[in-house]
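Structural features, examined
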Amino acid sequence: MPTYSYACTQCDNRFDIVQSFTDEALTVCSECSGKLRKLFNSVGIVFKGSGFYRTDSRTGAGTASEPAKSDSGSNGSTTKSESTPAGTTSTPAA
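Described below are features of the structure shown in this document. (Residues numbered from 1 in each chain as written. Predicted model: local features only at pLDDT ≥ 70, side-chain atom pairs only at ≥ 80, totals over all residues. Heavy atoms only, no water.)

Here we look at the sheet that holds strand β1 (residues 3-8)
Stated precisely, the cut-off is as follows: Should DSSP find at least two bridges between two strands, the strands are regarded as paired. Runs of H or I in DSSP of at least four residues are treated as helices and runs of E of at least two as strands, each being numbered from the N terminus. To get an axis, a line is fitted to the C-alpha atoms, and for a helix only the part in contact is used. The angle between two axes follows their N-to-C directions and goes from 0 to 180 degrees.
If you walk across this open sheet you meet the three strands as β2-β1-β3, and the pairing is antiparallel. Two strands close off the open sheet at either side, each with one partner strand: β2 (14-18) and β3 (36-39). Direction aside, the axes of adjacent strands within the sheet are offset by 35° on average. Bridge count between β1 and β2: five bridges; the pairing is antiparallel. Bridge pairing in β2 links Tyr 6 to Phe 15.

Some words on unusual backbone geometry
The test is simple: Relative accessibility under 20% of the residue-type maximum defines a buried residue, over 50% an exposed one, and the middle range a partly exposed one, all with a 1.4 Å probe and only protein chains included.
Phi at Asp 12 is positive, roughly 60°, even though this residue is not glycine. Following the sequence through the fold, Asp 12 ends up in the loop between β1 and β2. Looking at Asp 12, the relative accessible area reads 47%, which means it is partly exposed. Unlike most non-glycine residues, Ser 33 shows phi in positive territory, near 60°.

Notes on the packing of aromatic side chains
Basically, it comes down to this: Planes of paired rings set the category: under 30 degrees apart is stacked, over 60 is edge-to-face and the rest tilted, where pairs are Phe, Tyr or Trp rings (Trp by its six-membered ring) whose centres lie within 6.5 Å. We call a charge positioned over a ring when the NZ of a Lys or the CZ of an Arg lies within 6 Å of the ring centre and within 35 degrees of the ring normal.
Here the structure, examined in full by the defined rule, presents one aromatic pair. An angle of 25° between the planes, with centres 5.8 Å apart, marks the rings of Tyr 6 and Phe 15 as stacked. Look at Phe 15 and you get partly exposed, because its relative accessible area is 22%. Residue placement shows Lys 38 over the ring face of Tyr 4; its charged tip is 4.3 Å from the ring centre.

Things to note about the side chain of Asn 13
Our working definition: The contact criterion used throughout is that any non-hydrogen atoms of two residues lie within 4.5 Å.
Residue placement: Asn 13 occurs in the loop between β1 and β2. Residues contacting Asn 13, with those up to four places away along its chain left out, are Tyr 6, Ala 7, Cys 8, Cys 29 and Glu 31.

What follows is the structure, given as structure tokens:
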């Protein structure tokens, strides 16, 4: 069962109470009979880290462990004949 925080608008009495989801919210302060308001706190769970959604519950194609596919005909590699213009030779510098 969750714990809810309340604060009185008149006497600023603050307290926590364990209530079921189906229980009605409290409206009357037990100390001064003033009006209560429910306080909302930050969420108790925080997702941290890069790639949380990338790695969890993912199966099949697109995982990081698979090697990248490439075409063997147009792989972008340069050979010596392509890099040197026709009719010239490269000589090492002395």
